[in-house]
Amino acid sequence: MTLEVLTDASLRGLNTFGVEARARLLVRLRAEHELEAAARVLAGRRPFVLGGGSNLLLTRDIDAPVLHLALRGRQVLRAEDEDPLVEAAAGEPWHRFVMWTLSRGLFGLENLSLIPGLVGASPIQNIGAYGLEMSERFDSLRAWDPDSGEIRRFFAADCGFGYRDSAFRRPPLAHWVVLSVRFRLSRRPQPRLEYGELRRELAARAVDRPGAREVADAVIAIRRRKLPDPARIGNAGSFFRNPSIDSARAETLRREHPDLPLYPLHDAAAPTAFRIPAAWLIERCGWKGHRQGGAGVHAEHALVLVNHGDARGAEILALALRIQRSVEERFGIALEPEPRIV
């Protein structure tokens, strides 16, 4: 297989917002034996690493070389173990990987069903949904340093996982390229049902003792109801992180807004004590269903910004900034974007 190198390449099909941007140089990595050739093409320049583009907003063309990860492959390690390790290449689509694990009687990732993007992005953002974070199932990852050519294995203690965060989002690890990820799963179903919406969905389906597949089906149904399909309308899922506030601020806001939803962070160190749904704040500011040119806020979920078909990245960013300002003016809370903004 020959390393694929393109010049003046469109990135519209490589970001789920579907915005147009171009790469002066795009290197598509399909196999690890192409790393040496890729390093020669990069010639010491730091690449812009691109996977599925599901957590990305492009507002301009990319001058740096774009390294598109298309590595594929997945395997069960020590299959005879009760809690086996499963490894997937960075370019494997996340949801397809989750379904593959369930088809082999391996449980633990079902709450993360239907999350868009690739396996390689899952530890970088520490993806999470419906009461589970990826870091709870993470074992280790392999990553490549384009500067030195070194390939190293990183374990959980190396990754600095936090809420939608990891050490790979900033220096000194930000330039490392994830090649593959290992997860520790189980052959014994242990459903995670703490999330209220998930429990209600299972109850509506008359599922009293759900297994992993029933949990996955419920999560998929919820996500399909609430979140638009990027193949139909451009979006990057939840655009803002749910903010955390301390107890004093929570008490003040509750007096002003008695129906304010607050979720205790039992393991958080003081003074941060509660998390607020960003969607609630945005909806209260009147943004749900709002449209500004080709950019808009989804009519069913205020946390999702959408491209109605012809929006530029800069237009979507301008809308996001307006939302941030209005939330801060009304509630005194600064929302942080979840996608990477370029």
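Up top is the structure these notes are about.
Definitions and cut-offs
Residues numbered from 1 in each chain as written. Predicted model: local features only at pLDDT ≥ 70, side-chain atom pairs only at ≥ 80, totals over all residues. Heavy atoms only, no water. Helix = DSSP H or I, 4+ residues; strand = E, 2+ residues; numbered from the N terminus. Rg over C-alpha atoms; globule rule 2.2 N^0.38 Å. Contact = heavy atoms within 4.5 Å. Areas by Shrake-Rupley, 256 points an atom, 1.4 Å probe, with all protein chains shown as cover. Lys, Arg positive; Asp, Glu negative; His and termini not counted. Charge placed at Lys NZ, Arg CZ, Asp CG, Glu CD. Pairing = 2+ DSSP bridges. Axes fitted to C-alpha atoms, helices over the stretch in contact; angles between N-to-C directions. Parallel < 35°, antiparallel > 145°, perpendicular 65-115°, else oblique. Nonpolar A, V, L, I, M, F, W, Y, C, P; charged D, E, K, R; others polar. Buried < 20%, exposed > 50% of the residue type's maximum accessible area, 1.4 Å probe, protein only. Phe/Tyr/Trp six-rings, centres within 6.5 Å; stacked < 30°, edge-to-face > 60°. Core = buried A, V, L, I, M, F, W, Y, C linked by side-chain atoms within 4.5 Å.

Some words on the overall build of the chain
Right, so step 1: On a plain count of helices and strands, the chain comes out with nine helices and 20 strands.
Right, so step 2: Compactness check: the chain gives a C-alpha radius of gyration of 21 Å against a globular reference of 20 Å for 342 residues, within 12% of the reference.
Right, so step 3: In terms of overall dimensions, the chain has a C-alpha envelope of 60 × 50 × 40 Å along the principal axes.
Right, so step 4: Sequence separation of 24 or more characterises 62% of the internal contacts of the chain that already satisfy a separation of 6 or more.
Right, so step 5: Accessible surface, the chain as shown: approximately 15800 Å² in total, 48% of it carbon and sulfur.
Right, so step 6: Both charge centroids of the chain, one from 49 positive and one from 43 negative side chains, sit 2 Å from each other.

Considerations on the pairing of strand β11 (residues 151-155)
Right, so step 1: Inspection of the sheet shows strand β10 (residues 138-144) paired to β11 by five bridges, in the antiparallel sense. For L141, the partnering residue across the bridge sits in β11 and is F154.
Right, so step 2: Following β10, the chain reverses through six residues before pairing antiparallel with β11; G149 in that reversal takes a positive phi of roughly 85°.

Comments concerning the packing of helix α5 (residues 196-204) against helix α6 (residues 212-226)
Right, so step 1: The N-to-C vectors of α5 and α6 enclose an angle of 105°; their axes lie 9 Å apart at closest approach. Taken as axis vectors, α5 and α6 run roughly perpendicular relative to one another. Contact residues: α5 offers E197, L198, E201 and L202, while α6 offers E214, V215, A218, V219, A221, I222, R225 and K226.
Right, so step 2: Split by residue class, the contact of α5 with α6 holds seven nonpolar, no polar and five charged.

Comments concerning helix α2 (residues 94-103)
Right, so step 1: A large share of α2 lies buried, amounting to seven of its ten residues.
Right, so step 2: Among the residues making up α2, those that are buried are W94, F97, V98, M99, W100, T101 and L102.
Right, so step 3: Buried-residue contacts for α2 involve β6 (74-77), β7 (85-89), α3 (122-125), β12 (177-184) and α6.
Right, so step 4: Following α2 by one or two positions, G105 adopts a phi angle in the positive range, close to 70°.

Describing the packing of aromatic side chains
Right, so step 1: One pass over the full model with this rule turns up eleven aromatic pairs.
Right, so step 2: A ring pair is formed by F138 and F161, whose centres lie 5.0 Å apart and whose planes are at 80°; its orientation type is edge-to-face. Of this pair, F138 sits in strand β10 while F161 sits in the loop between α4 (156-159) and β12, and the two are 23 residues apart along the sequence.
Right, so step 3: Judged by its relative accessible area of 9%, F138 falls in the buried class.
Right, so step 4: Taken together, W94, F97, W100 and F183 form an aromatic cluster joined through their ring pairs.

Section: the side chain of S113
Right, so step 1: Turning to its location among the elements, S113 is positioned in the loop between α2 and α3.
Right, so step 2: The class for S113 is buried, based on a relative accessible area of 0%.
Right, so step 3: Not counting the four nearest positions on each side in its chain, S113 is found in contact with H95, V98, M99, A216, V219, I220 and R223.

A look at the nonpolar core
Right, so step 1: In terms of nonpolar packing, the biggest core is built from 55 residues, with W94, F97, L141 and F183 touching the most fellow members.
Right, so step 2: Considering each element in turn, this core owes the most residues, seven residues, to α6.
Right, so step 3: Residues A279, W287, A302 and V342 belong to the second largest nonpolar core, which totals 45 residues.

Function cannot be inferred from these measures alone, as they are strictly geometric.
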